[in-house]
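# A look at the structure
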Amino acid sequence: MKSTKVVAANGAVQREKTAKILVPIVISVFAVYLTIGMSLGVLPSFIKNDLQFGSLIIGGVIGLQSLATLLTRAYAGKITDTLGAKISNHRGVIMVFVAGLFYISVVYLGSFPVIALVLLIISRIIHGISESMLVTGTLTWGIGLLGARNSGKVMTWNGIAMYAGIAVGAPLSIWMVHHLGTLAPFLGIIVLSVISWASTVKLPTLEVDAAHVRTPFYKVIGKVSDQGLALAFSSMGFACIASFIALLFAEKNWGDTSLGFLCFGGFYILTRLFFSSFPDKFGGYKVALVSFLIEIVGQLCIGFSSSGTMAIIGCALTGIGFSLVFPALGVLAIKKVTPQMRGTALGAYSAFFDLSLGLAGPVAGIIAGYFNYQSIYLFGAVSCILAVLILLKQKNKNH
C-alpha cells in the first residue's frame, strides 16, 4: 500500500516537473505561430488591395517565409548544438520582433508600393528564419530538459501549439483588420514576440558540449533520411487538403468547405491531446505505421467521395492519421544521433517536411490539370503507401 502511494507521489512530482517545463515552451511556440497565422491572414489582401500587386507577387511573398525556413534549418541546428537551445529559441523570438517592425514600416510606406514590397520581402525572410531558429531550439530544449524518453510528448505538444497558432492567427488578424485597422495585426506581432520571450526566460539553460566533434549536416541528413522521407511522403495528404480541398468542393458544388478544414484541424489537435504519450509508450514505428494506414483511408475517402459528407469524413481521418506522424518518426530519428547533435538532427528531419510542402502544391496542380481535383487525393494515398514501404524497409534493415 505504501509503495503504491510512493509511486503515485513520484508520478505527481514528475507530471508537475513536466508541466513546469512544457507549458512555457508551448506558450512560446503558440505565440510565435500566432504571428505566422496573423501574417497569413492579413498579407494577401494587403498586397492586393493596398499595394496593388497581382497573384504571382502574393504567392511569392507568402512562400518566401517557408523557403527561408527550409534554407536555414542547417544553420538553426548548428546554433542550437554549439551555442545552446535557449539562445536559438530567443534569437528566433527576437527575429519575430524585428519582422514585426518591418511589417509596421510597410503599412506606413503603403503609398510607395515598390519600397513597401522590398521591405515586405525582407520581413518575410526574417520571419522564416525566426521560425527555423525557434522550432529547432525549442524542440531540442524541451527534449534536453525532460529527457529523451519524453521526446514524443515534447514534439506532440509543440505541434499542437504550431497548428493551433496558425489556425487561430489567420481569422484573428482578419477580425483585427476589420475592427481595428491594418496596423493592428502587425502591432500584435510585436506584443506576441514579447510574450513568447517572457514565457521561457526563466527556464534553465542546457549545457553545451564544446568538445564534441560535430557531424557534418549532410551526414546527419543521411542518418535521418528514412524517417525524413517517410515524413515527406505522408505530408503530401495534408498539403493537398490545405491547397485544393476548397477547389474540389467548388467544382462538385458541395457547399462551404470550412467544415472540411475544421474537421481536419479539430481531429488533428484532439488526437494529439489524447494520444500524445503514444510514440514514447508504444514506440515510433508502431504509431507511425497505424497513422499512415488511417491517413491512407482518409485520402481514399476524399479521392472516391460521392458527396461532401464523405469528403469531410476523409478530411477528419487524414487529420487523425497525420497528427502523430511527426512525433512518431521524430522519436526514431533522434535515436540515430548523439544528444549533442539533436538540434542538427531535428533541423534536418524538419527540412523534409518543409520540402514536402513546397513540392506537393505544384505536383498536385499538374495532376489536377491532367485529371481532376479528386485524383489529387489518390496521389496523396499513394504517397502514404510509399511512406509505409519506407518504414517497413527501415524496420527490416534494423533487423
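As a starting point, this report considers the structure included with it.

Rules and cut-offs
- Residues numbered from 1 in each chain as written.
- Predicted model: local features only at pLDDT ≥ 70, side-chain atom pairs only at ≥ 80, totals over all residues.
- Heavy atoms only, no water.
- Helix = DSSP H or I, 4+ residues; strand = E, 2+ residues; numbered from the N terminus.
- Buried < 20%, exposed > 50% of the residue type's maximum accessible area, 1.4 Å probe, protein only.
- Polar contact = N/O pair within 3.5 Å; in protein donor to acceptor, adjacent residues only side chain to side chain.
- Core = buried A, V, L, I, M, F, W, Y, C linked by side-chain atoms within 4.5 Å.
- Contact = heavy atoms within 4.5 Å.
- Axes fitted to C-alpha atoms, helices over the stretch in contact; angles between N-to-C directions.
- Parallel < 35°, antiparallel > 145°, perpendicular 65-115°, else oblique.
- Left-handed = near helix turned anticlockwise from the far one by under 90°.
- Patch = residues over 30% accessible without salt bridge, like charges linked within 9 Å, V, L, I, M, F, W, Y side chains within 5 Å.
- Areas by Shrake-Rupley, 256 points an atom, 1.4 Å probe, with all protein chains shown as cover.
- Salt bridge = Lys/Arg side-chain N within 4 Å of Asp/Glu carboxyl O.

### Comments concerning the side chain of Q65
Note that Q65 resides in helix α2 (residues 55-71). Its relative accessible area of 4% is what places Q65 among the buried residues. A polar side-chain atom of Q65 sits 2.9 Å from a polar atom in the side chain of R124. At 3.4 Å, the side chain of Q65 and the side chain of E131 are in polar contact.

### Section: the nonpolar core
Inside soluble globular proteins, nonpolar side chains tend to come together where they are buried. In terms of nonpolar packing, the biggest core is built from 98 residues, with L120, I245, F292, F322, L329 and Y377 touching the most fellow members. In terms of residue count, the dominant contributor to this core is helix α8 (residues 217-252) (13 residues). Setting aside residues up to four positions removed in sequence, F292 forms contacts with A230, S234, V325, L329, C384, A387, V388 and L391. Grouped together as the second largest cluster of nonpolar side chains are six residues, A31, L34, A184 and L192 included.

### Observations regarding the packing of helix α11 (residues 284-303) against helix α13 (residues 325-334)
The interhelical angle for the contact between α11 and α13, taken along N-to-C directions, is 150°, at an axis separation of 8 Å. In terms of axis orientation, α11 runs roughly antiparallel to α13. In this structure, the crossing between α11 and α13 has a hand that is left-handed. Contact residues: G284, Y285, V287, A288, S291, F292 and E295 in α11; V325, A328, L329, V331 and L332 in α13.

### What about a nonpolar patch on the surface?
Together, F267, L270, L273, F274 and F275 make up a nonpolar patch on the protein surface, roughly 470 Å² of accessible area in all. Mapped onto the secondary structure, L273 falls in helix α9 (residues 258-275). Classification of L273 by relative accessible area gives partly exposed; the value is 36%.

### Thoughts on the side chain of S356
Of note, S356 is situated in helix α14 (residues 342-370). For S356, the side chain forms a polar contact with the main-chain oxygen of A232, separated by 2.7 Å. Apart from the residues lying within four places of it in its own chain, the contact partners of S356 are A232, S235 and M236.

### What about the environment of I62?
Tracing the sequence through the fold places I62 in helix α2. Taking C-alpha positions, I62 is 7.5 Å from R124, a pair spaced 62 residues apart along the chain. Those residues in contact with I62, other than ones at most four positions away along the chain, are L40, L43, P44 and R124.

### Quick notes on unusual backbone geometry
Positive phi outside glycine occurs at Q52, with the angle close to 65°. Its place among the elements puts Q52 in the loop between α1 (2-50) and α2.

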